[in-house]
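Descriptive analysis of the structure
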Amino acid sequence: MNEGALQDHLTLPEQFDVVVHPVRELRGAVRAQPSKNYTTRYLLAAALAEGETRVVGVATSEDAHAMLRCLRDWGAGIEHIGDDVVIRGFGAAPRAGVTLNPGNAGAVARFLMGVAALTRDTTLVTDHPDSLGRRPQGDLLEALERLGARVGSNEGRLPVTISGPVRGGVAEVSAERSSQYTSALMFLAPLLPGGLDLRLTGQIKSHAPLRQTLDTLAAFGIRAAATDDLSRVQIPGGQRYRPGRVMVPGDYPGTAALLAAAALLPGEVRLSNLRENDLQGEREAVDVLREMGADIHRDGDALVVRGGQTLRAVNRDGDGFTDAVQALTAAAALAEGTTTWRNVYTLRLKECDRISDTRRELERLGLQASETEDSLSVTGTNRIAGGVTADGHGDHRMIMLLTLLGLRAEAPVRITGAHHIRKSYPQFFMHLQALGAGFDFLERES
Ligand SMILES: O=C(O)C1=C[C@@H](OP(=O)(O)O)[C@@H](O)[C@H](O)C1
Ligand SMILES: C=C(OP(=O)(O)O)C(=O)O
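Residues numbered from 1 in each chain as written. Chains lettered and ligands numbered in written order. Predicted model: local features only at pLDDT ≥ 70, side-chain atom pairs only at ≥ 80, totals over all residues. Heavy atoms only, no water.

For the chain, an unreviewed UniProt entry supplies the name 3-phosphoshikimate 1-carboxyvinyltransferase and the organism Deinococcus malanensis. Among the UniProt annotations of the chain, the heading Catalytic activity (unreviewed entry) holds the following wording: "3-phosphoshikimate + phosphoenolpyruvate = 5-O-(1-carboxyvinyl)-3-phosphoshikimate + phosphate". The UniProt entry for the chain carries the following text under Subcellular location (unreviewed entry): "Cytoplasm". (UniProt positions renumbered as here; feature names shortened; annotations may be inferred.)

In structure tokens:
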């Protein structure tokens, strides 16, 4: 395929490497894709309601499809109408004895594991043994076991089998490795006779997705109360999810990569569909980039970036915006000074080890980077030579980071396994093409 030829993401090869060509400027307008985290939540809550819910503007990523596939397998009716999905829910009665495959979607897998306590013998498997198959599930499984569920697993990893019934009551759950375990129990709680009085233990990570779960429960008429620090969440039992109509907002984590790209290159980029009052923690990427010296202003639901300013290093706690750390690392790699992201241990437990693997890829591109158990640092440069092949590590956010560095390199950068972008952002390359970037897509043998 030719460099710069505008291509639809639907015609890309099934598996491909991408060659990223350096570009002088980015210019144009893009509408942010629908939020991954709200799509998964709204689809699940709709299935837990009895009756029909229309989820307006659903994400088209693999993770969204994974949730839809599993909900269908559990007995939900699913109808696509344009960009919307109408779900006929199964309420508190997903089918028993079903095997679900959430693909490589961590949040989807964990949320479903929680709800599986309403069933007998739900098994979760994955066709991504080297990614989701390695991620820890033990904290959630232990919480479910303490509540009375029968649980089998591969040493705290997938495949797992879960059987209820569970009555509810007080439940401790560790919140220091992922917020998704707590969110899983929050989705389950209202459908249990006794509800759940959740006590979160350890240093709580990723508060923002927990607030998105509370927000989703409220949108479906579920009563819940939480302390300000979220260490305690009380959800009364015997409730019903109320069907209706919900609209998916724009996606901040994916768009953070476009914001960083636009800040790194001259030109002007307008990104719309990004509401100002939003609970997605990655909204903070805007403040981080501004602190670095980027020129970003808000115009209603749009953000306008005038790019090419000199950027400066920052030192920030990254836990509030975990899914934007990779994108912001691209900005840091081309900023003056050494940037450090603190308190990001959980990045090691994502699709790849986003601390060590990122350090290695930055070094491959000639950058200086270092790590501790829970931090990542990179020293900026104004010259990336390029002309190398970088490893995408099967991780969509790593692919976004490497793409941004390729756009600013002096020679093209090849990224292996770039099709994994589809996990969260299938139109990523097309959106950048619309702004003036050029890519070659090289088919890989399966
Ligand atoms: O609840 C969610 O939808 C998510 C929570 C976060 O995970 P952790 O809580 O494991 O940090 C985030 O990284 C992930 O992409 C989606
Ligand atoms: C880590 C991510 O997703 P998940 O945990 O849902 O797989 C992500 O989107 O970056």
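Following the structure, the description resumes.
Here the focus is the layout of surface pockets. In this structure, the largest pocket spans a volume of roughly 420 Å³. Residue composition of the lining of the largest pocket, grouped by class: nine nonpolar, nine polar and two charged. When residues of the lining of the largest pocket are sorted by domain, at least three fall in each of domain 1 (9–33 + 250–443) and domain 2 (36–235). In this structure, the second largest pocket occupies an estimated 310 Å³ of space. Around the second largest pocket, the lining comprises 18 residues; the ones closest to its centre are Glu62, Asp127, His128, His419 and His420. A breakdown of the residues in the lining of the second largest pocket according to their chemical character gives three nonpolar, eight polar and seven charged. Residues from two domains meet in the lining of the second largest pocket; each of domain 1 (9–33 + 250–443) and domain 2 (36–235) gives at least three. (1 Å grid on protein atoms, 1.4 Å probe; cavity = no way out; pocket = protein on both sides within 12 Å on 5 of 7 lines; lining within 4 Å. Points joined across faces, edges and corners; volume = space filled by probe spheres on them. Nonpolar A, V, L, I, M, F, W, Y, C, P; charged D, E, K, R; others polar. Domains from an automatic or database assignment.)

With that out of the way, let us pick up the packing of helix H7 (residues 252–264) against helix H8 (residues 284–292). Following both chains from N to C, one finds H7 and H8 inclined at 20 degrees, their axes separated by 10 Å at the closest point. As summarised for this structure, H7 and H8 are arranged roughly parallel, according to the angle between their axes. Judged by the twist between their axes, the crossing of H7 over H8 is right-handed. For the pair H7 and H8, the contacting residues are Ala256, Leu259, Ala260 and Ala263 in the first and Ala285, Val286 and Leu289 in the second. (Axes fitted to C-alpha atoms, helices over the stretch in contact; angles between N-to-C directions. Helix = DSSP H or I, 4+ residues; strand = E, 2+ residues; numbered from the N terminus. Parallel < 35°, antiparallel > 145°, perpendicular 65-115°, else oblique. Left-handed = near helix turned anticlockwise from the far one by under 90°. Contact = heavy atoms within 4.5 Å.)

Our next topic: the pairing of strand E5 (residues 84–88). Moving residue by residue along a regular strand, the side chains alternate between the two faces of the sheet. Counting buried positions along E5 gives four out of five residues, so the element sits mostly inside the fold. Two elements, strand E3 (residues 52–56) and E5, share four bridges in a ladder whose sense is antiparallel. Bridge pairing in E5 places Glu52 opposite Arg88. Of the strand pairs in this sheet, strand E4 (residues 77–81) and E5 are connected by five bridges, and their pairing is antiparallel. Note that in E5 the partner of Gly77 across the bridge is Arg88. The hairpin turn running from E4 into E5, its antiparallel successor, is two residues long, and Gly82 in that turn takes a positive phi close to 60 degrees. (Buried < 20%, exposed > 50% of the residue type's maximum accessible area, 1.4 Å probe, protein only. Pairing = 2+ DSSP bridges.)

A word on the site of ligand 2. Taken together, the neighbourhood of ligand 2 is formed by 14 residues, with Lys36, Gly106, Arg135, Arg397 and Lys423 sitting nearest. Within the side chain of Asp323, an N or O atom sits 3.3 Å from an oxygen atom of ligand 2. Arg354 places a side-chain nitrogen or oxygen 3.0 Å from an oxygen atom of ligand 2. Judged by the fraction of its atoms near the pocket grid, ligand 2 is located in the largest cavity. Those elements giving two or more residues to the shell around ligand 2 turn out to be helix H3 (106–115) and helix H11 (396–407). In the shell around ligand 2, the residues fall into two nonpolar, four polar and eight charged. A domain-level breakdown of the shell around ligand 2 finds at least three residues from each of domain 1 (9–33 + 250–443) and domain 2 (36–235). (Near = heavy atom within 4 Å. Polar contact = N/O pair within 3.5 Å; in protein donor to acceptor, adjacent residues only side chain to side chain. Sits in = over half its atoms within 2 Å of the grid points.)

A separate point is the pairing of E3. As defined by bridge partners, E3 adjoins strand E14 (residues 245–247) across three bridges and the pair is classed as parallel. Counterpart to Val55 in the pairing with E14 is Val246.

What follows deals with the environment of Phe321. Among the structural elements, Phe321 can be located in the loop between strand E18 (315–317) and helix H9 (325–333). Under the relative-accessibility criterion, Phe321 is labelled buried at 0%. When the C-alpha atoms of Phe321 and Ala285 are compared, they prove to be 7.1 Å apart, with 36 residues separating the residues in sequence. Apart from residues lying up to four places away in sequence, Phe321 is in contact with Gly281, Glu282, Glu284, Val288, Arg316, Leu328 and Trp341.

Right, let's talk about empty space enclosed by the protein for a bit. A full pass over the atoms with the stated rule returns three cavities of 30 Å³ or more. If you go around the largest cavity, you meet 30 residues; those closest to its centre are Lys36, Asn37, Gln180, Asp323 and Lys350. Elements that contribute at least two residues to the lining of the largest cavity include exactly helix H1 (36–48), H3, helix H5 (180–188), helix H6 (207–219) and H11. In terms of residue class, the lining of the largest cavity is made up of five nonpolar, 13 polar and 12 charged. The residue makeup of the lining of the largest cavity includes at least three contributed by each of domain 1 (9–33 + 250–443) and domain 2 (36–235). Lining the second largest cavity, in full, are Arg110, Arg135, Pro136, Arg177, Ser178, Gln180, Tyr181, Thr346, Leu349 and Lys350. The residue inventory of the lining of the second largest cavity, partitioned by class, reads three nonpolar, three polar and four charged.

Before going further, it helps to spend a moment on the sheet that holds strand E1 (residues 16–21). Here four strands make up an open sheet; going across it, the order is E23-E25-E1-E26 and the pairing mixed. The sheet is open, and its two edges are formed by strand E23 (389–391) and strand E26 (438–443), each paired on a single side. In this sheet, adjacent strand axes meet at a mean angle of 25 degrees when their direction is disregarded. Note: E23 against strand E25 (residues 413–416), three bridges, orientation parallel. Pairing of Ala390 across the sheet is with Ile415, part of E25. Where H11 meets the sheet, its contacts fall on E1, E23, E25 and E26, and the angle it forms with E1 comes to roughly 30 degrees.

With that settled, consider the UniProt feature "binding site: phosphoenolpyruvate" (unreviewed entry) in the chain. As annotated by UniProt and renumbered to match this structure, "binding site: phosphoenolpyruvate" (unreviewed entry) occupies Lys36, Gly106, Arg135, Gln180, Arg354, Arg397 and Lys423. Among the annotated residues just listed, those that line the largest cavity are Lys36, Gly106, Arg135, Gln180, Arg354, Arg397 and Lys423. Take Arg135: it is sitting in the loop between strand E7 (122–124) and helix H4 (138–146). A residue is classified by how much of its surface remains accessible, and Arg135, at 5% relative accessible area, is buried. In this structure Arg135 touches Asn104, Gly106, Arg110, Gly156, Arg157, Leu349, Lys350 and Glu351, once residues within four positions along its chain are discounted. Note on Gln180: relative accessible area 15%, which makes it buried. Setting aside residues up to four positions removed in sequence, Gln180 forms contacts with Gly106, Ala107, Arg110 and Phe111.

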